[in-house]
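Descriptive structure summary
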Amino acid sequence: MSNVVLKVEGMSCGHCVSAVEKAVSGAGAAAKVDLPAKTVAVEYDENKVSLDAIKSAIEDQGYDVV
Ligand SMILES: [Cu+2]
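To keep things clear, this report deals only with the structure shown in the data block. (Residues numbered from 1 in each chain as written. Predicted model: local features only at pLDDT ≥ 70, side-chain atom pairs only at ≥ 80, totals over all residues. Heavy atoms only, no water.)

Some points on helix α1 (residues 14–26)
Three or four residues apart is the spacing at which side chains of an α-helix point the same way, because the helix has 3.6 residues per turn. Given a rise of 1.5 Å per residue, 13 residues ought to cover 18 Å, and the 18 Å separating the end C-alpha atoms of α1 matches this to within 8%. Elements that come into contact with the buried residues of α1 comprise β2 (30–34), β3 (39–44) and α2 (51–60). Where α1 terminates, the next one or two residues include Gly 28, which has phi positive at roughly 100°. (Helix = DSSP H or I, 4+ residues; strand = E, 2+ residues; numbered from the N terminus. Expected span 1.5 Å × (residues − 1). Contact = heavy atoms within 4.5 Å.)

Digging into the sheet that holds strand β4 (residues 64–65)
If you walk across this open sheet you meet the four strands as β2-β3-β1-β4, and the pairing is antiparallel. Only two strands of the sheet have a single partner each, and these edge strands are β2 and β4. The pairing of strand β1 (residues 2–9) with β4 spans two bridges and is antiparallel. Directly across from Glu 9, in β4, lies its bridge partner Asp 64. (Pairing = 2+ DSSP bridges.)

Some words on unusual backbone geometry
Of note, Lys 38 is a non-glycine position whose phi angle comes to about 55°, a positive value. Among the structural elements, Lys 38 can be located in the loop between β2 and β3.

These figures capture arrangement, not role.
This is how it looks when you write it as structure tokens:
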């Protein structure tokens, strides 16, 4: 498993948190959002899902991975 912390712009409320967490789990990984820090801790199996796919899933929800 790999762990990475992404900085994500545009998250402002609980709705955003669940949208991002859902998007990441839909991509096949696990996410934990820290709203005040604007970070998303992602745990994923690099043999099953790429980090790019996870970033795309977040960006598809309208947030920016910086
Ligand atoms: Cu929101």
